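Descriptive structure summary
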Amino acid sequence: MEKRLRSSLKSSADEFLSSAAKLGFRSVKPSLKTLIHSLKSSSDVVSSLPLSLQHSITESITLYKDLTSSTTAPSSPGANSHLTPPTKRVRRSSRNKNDDVSDTADEETRFETLKSDVSEKLQVFTYVVHMCVTHPDNVFNVSDLLPAVQELHDNLVVFELESNLLSDIACLCEEWWKREFPGRDGLISQSIPFLVSKALTLKKKVDVHRVYGLREAFALFDFEDESIEDLKLLLIRCLISPLFLKMDEGRRFLAFLFGLSRQLVKESLAMIRSQIPFGRKSMLEAYADIVFRAWKAAEGESREEIENEFLQQLVDGAIHASSGSFAASIRRILGGFIIQRTTDGVEKLIFNLAEPVIFRSLQVANSDVRQNALHLLIDVFPLEDPDATREAKDTLLHRQFFLIEKLLMDDCPDIRAVAVEGSCRILHMFWETIPSSVITKLITKILDDMAHDVCNNVRLSTVNAIIYLLGNPQSHEILKVLLPRLGHLILDPALSIRTAIVDLLLLIKGIQNFQFHKVVHLDVLLSTLAYDQPLVSQKITKLLLSSYFPTTVTPEEACNRCVTLIKRSPLAGARFCEFCLTEGASPQSLSLLFKSLINLVLSPANISSDQIDGILMSAANICSNLATETKYQSALKDELTSKKLMSLFAAANSGQAQASVCSIVSSVLPDAAGVLRQECLKLVSKCVGLSDDKEKQAQVRLVHKMMMSCGWIDYMLEAFTKLLQKTVNGCVDKCDTESTKQDTSSGKKRKVKHGVKVSLKSNRTSGKKTSFIDDYTVSVGIAWQLKDLLKYSDTCKAVLGSKSLESALNVLKVISEFDIMECMQCDYINNSHVVAYTSLSLHMYVKHSTLSNKDNHDLKTLEKTVEHLVNCMEKAYRTSASRKSCKVTPCSITNMVKLSTSILHFIIDSSTVDRTHECQERCLSFTRKYVGFIILNLRQHSHGLLEFQEEDLKETFLCLKSSFTYAAKLLNLVLTSSSESSPPSPEAHNLANDLFDLIIAVEEHLGSKYGSLVLSAAKLWLPDMILALGSLQIQKSSSSSSSAFAETKFGFPSWLLILAKIEIFDQHESESDDIEENVTLPSKFSTFRKVVETMVGLLRGNQSVLDAVGAFLLSGSMVGLKKKDFELLYGVLHFVCMKLAKHEDGEWVDLKLMLESLQQVYPQMETMAQELENGHEKKLLERARSWVEPIWSCYIHEEMKGKMETEFSDLNML
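Criteria and thresholds
Residues numbered from 1 in each chain as written. Predicted model: local features only at pLDDT ≥ 70, side-chain atom pairs only at ≥ 80, totals over all residues. Heavy atoms only, no water. Salt bridge = Lys/Arg side-chain N within 4 Å of Asp/Glu carboxyl O. Helix = DSSP H or I, 4+ residues; strand = E, 2+ residues; numbered from the N terminus. Buried < 20%, exposed > 50% of the residue type's maximum accessible area, 1.4 Å probe, protein only. Core = buried A, V, L, I, M, F, W, Y, C linked by side-chain atoms within 4.5 Å. Contact = heavy atoms within 4.5 Å. Disulfide = S-S within 2.5 Å. Phe/Tyr/Trp six-rings, centres within 6.5 Å; stacked < 30°, edge-to-face > 60°. Lys NZ or Arg CZ within 6 Å of the ring centre and 35° of its normal. Axes fitted to C-alpha atoms, helices over the stretch in contact; angles between N-to-C directions. Parallel < 35°, antiparallel > 145°, perpendicular 65-115°, else oblique. Left-handed = near helix turned anticlockwise from the far one by under 90°. Nonpolar A, V, L, I, M, F, W, Y, C, P; charged D, E, K, R; others polar.

1. Looking at the pattern of salt bridges
- According to the stated counting rule, one finds 45 salt bridges in the structure shown.
- For the salt bridge of R179 with E175, the shortest nitrogen-to-oxygen distance reads 2.7 Å.
- Residues D207 and R210 are paired through a salt bridge, measuring 3.7 Å at the closest nitrogen-oxygen approach. Taken together, the positions of D207 and R210, both in helix α9 (residues 205-213) and three residues apart, correspond to about one turn of that helix. No difference in accessibility class separates D207 from R210, as the two residues are buried.

2. Points about the nonpolar core
- W1055 and W1148 are the most contacted members of the largest nonpolar core, which has 404 residues in total.
- Counting residues per element, this core draws most heavily on helix α46 (residues 950-977), which supplies 13 residues.
- With residues up to four places along the chain from it excluded, the contact list for W1148 reads L1114, V1136, C1137, A1141, K1142, H1143, M1154, L1155, L1158, I1191 and Y1195.

3. With respect to the state of the cysteines
- Scanning the entire structure with this criterion turns up zero disulfides.
- Considering cysteine sulfurs only, C562 is the nearest to C559, which forms no disulfide, with 7.4 Å between them.
- For C559, a relative accessible area of 2% gives the class buried.

4. Examining the packing of aromatic side chains
- Throughout the structure, instances matching the rule amount to 25 aromatic pairs.
- A ring pair is formed by F772 and Y776, whose centres lie 6.0 Å apart and whose planes are at 45°; its orientation type is tilted. Of this pair, F772 and Y776 both sit in helix α39 (residues 772-789), separated by four residues, roughly a single helical turn. A single burial state applies to F772 and to Y776, both of which are buried.
- Chaining the aromatic ring pairs together yields one cluster made of F218, F221, F223, F244 and F253.
- A cation over a ring is seen here: K1009 above Y1010, with NZ or CZ 5.7 Å from the ring centre.

5. Some remarks on the packing of helix α10 (residues 229-238) against helix α13 (residues 262-275)
- Where α10 contacts α13, the axes come no closer than 10 Å and their chain directions differ by 40°. Of the possible angle classes, the one that applies to α10 and α13 is oblique. Considering the relative orientation of α10 and α13, their crossing is right-handed. For the pair α10 and α13, the contacting residues are K232, L235 and I236 in the first and Q263, L264, E267, S268 and M271 in the second.
- Classifying every residue of the contact of α10 with α13 by side-chain character gives four nonpolar, two polar and two charged.

What follows is the structure in structure tokens.
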């Protein structure tokens, strides 16, 4: 190939170009460079090649343009003479349509192939020109080559689809410019925009580098001309290109653009300004660098534009920004000048920009402005005029320190926090230039006042600021004396501050001549290590590791030091052993320490009980850390023989120590662990008071973990069942005793109890006789353990697989029934049995529901449990209501509420996992009776019949609040599962009324404080309560509109009465009308008002629900009319007509149910108005009628009149 080209080159330039074009660009490219660069100046081709290139390029461009603009491919030169007559067209029938489509596709393919060939020829010619331009000996006359290059450049836009050709032409123009050849000014108008666009599109660093190399060419453009808009848009896009902002050359190029045109400066600054609110840190710092470079290079109007318009606006914006983050973003731009303040003119610029506004802003009333101004002052500190005298500079510096010190005591805690950190930052950076008196004053104020600030953030900023200040070695001398004043912060209530103070101790530990225990006393550190959060304890462990378990001494010495720590503070030593491996202690040394601790417990040395606790806890923590590695686990397992385990358990006198032994066993799983099974059963059986003792609960969980690891859960559950059986026997005996004391009227009850007794007699346990109360309290602890075991997947699976599961469930069932029936008489009753019983039933159902046999009898257990508990609870409610002479105590009420809440919780859980069970009606009825029970006892409390202590009331109210949530959730489940074929039960409507009544009762009888708390629970469920209110009206006809009140068992809803009174009261407050002069409210009902306000908003957003609830409210007004309760009638109608649906706004048009209800109400109002004599009641009725009458006349009367006229015309026709 090269020989052929060389031969053609010797013949003529035209033949050379023709041969090169035919061979193709890729195949000929390597040879072209060799051949052209080998030409000598004496060669004839040197003079003829430029002209041939121009001719070939022009001809090819013309052909390319023709191919682009034509709809059919033109004849190639020489293929068909223009004298040749056109060929005759062949007529085609419809049968040949497919052939036509195929011919068209072939024609298009040939057309594109021709264009591609021409493009490749031009690529060859461009490369030839490029090789001529870059000839090492410069043998070609560039003036001869210029026409060809100019032709290529001027037609760049024609080749917009030929990316390779475009790049080659642009490279040629770029090379021409860099070599400063004549005519280069004419080769940039098309190539420059292409290179900029390419850099933006491909996002390659090399393209940015090329654009930067051609930056001087941009000065030739007239940026004031309208034709330059496209290029300006490309340049503005460069300002938001991450690649340009990231590269140094990109930033230099963007800064260079600022010197091209003032208009371009304005547009560029506007673009930067628009990006500040959204820009990331790196982007804003890049803008800061660009603006600074631009300012440094700018002169005249451009510099004024940057200073007076852009920078001054930034200073004002940094002070008056709407948010702290926005102000920080602005300061990042200004930071480009602040870090360059040593540059000539920058210090003066900063002073001129900031001084007129910053001092005034530091003293304004707006705290946000003061805070922003303080941030800016800290950034620009020291603010000074370089041209001022020394005295003036000192005065200005003193003013700045005065204002900073003043802001340390600012009313706004955020400002105080910034002032603290800013002060230490200034001291750190300018220590040498600040007078020592100012330094001492500032540090003393920070450590004495700010370290005791009431705001957590200020105290945290104080510690962090001191940590930063310690980075300056010159501060160490004074801080060594003053740092103990921060020691109290190790006991700060805020975790973040305690963590920060330990970080400070870790820092000063590494500073020479500092002693951290002089800042915080060692005893305080050990106490914090023992009782604080894991994060703090781990950091203290790191702090003390080199003292109490160093790696620089022998392992034996390290173990002795750690034992010393454990003896000094057992709990602290245990926490130290928990984290020392994480902080770098040697596992081998820890293994040796474990053996030392075990031997110490077993030795006859005089060790206190607390020390034994600490030693065993430390050993347990070491085991937990080392057991993850097989090597160390095997060593630990060999160490724990059966004799040692029994000795350890015997030495462990406290529950914590015994739990630690269990933790060791569960981590290591020694072969001799079986010797401790009976001891563990004793531990879990000694569970009196467990449900209220958090520390004991943690210990029991460790025992559970061991028994789970050893596979003893089944044994434990069997032991639990026996103990519960003992309690059941006591329950039966107690019921028998009470039954014998009752008269014959309770014979039925005695018979039921006797049946239970007989069924359980054969299972009575023998042994030492204990009191029933003792057995009962043990059963409470067992019930808590069962519930806790079901929380975790591994223990839950083991419990559900136990052989004693059914027996445990049965005995819990009996005890739960006893709890429910006796809760009003016995203050010791606890709801743990019911919680365990329901949890066990629920988990058993979930387990059996996964079986393939869906008809399994166990699947009915859940429904039976619900039915059983609901029946028992309803019987307890009836018993409570019938005992008039029995003294009801607050404790018994609390017990009843706790039990009811637990059952209601179980109902929700069971309904969630099994939506097919048929107990919804019973559950709704039970929930209504429970709500009624609460309302009744709230009323008795307010009347002084029940005297709750504040703590008891809080405990009861927490259950009440949970019950409200569960009841509302039940409504949600009922409504969700309903459909047109299976509408919700009327009890859902009644329960919704009861819940509104409960809100009223809580606020009226307990006060607005508790009312607001119940509102927080009710807010989420208001849509469900409102929908339930309208459920009856949606599914029933208007003829039974009053049935909503006929079906309720607790009488008329009290919330409607209160709503009516509120409406009357509010209207009386806003109007001077004597109609309402006798209306009084038992409470302001601020909570209920919020409920009503929310209800109105929700109803007005849903027309269909509004119609149903409005019809229900109108039926309530009908009840008031029938009972001649005109206040009820007046208030409800005012609420409906003036708040829910306003006639003047045309909102009654589509409210069919409400109009049907109104059709019943209004005629009776007219009749009643005629019967009443003048007086207060008639005024109320007439006023209410005045609201309804326009609606009656507009919608109902006209419709009835039209029907009557139609019927009359029909009669006439007959």
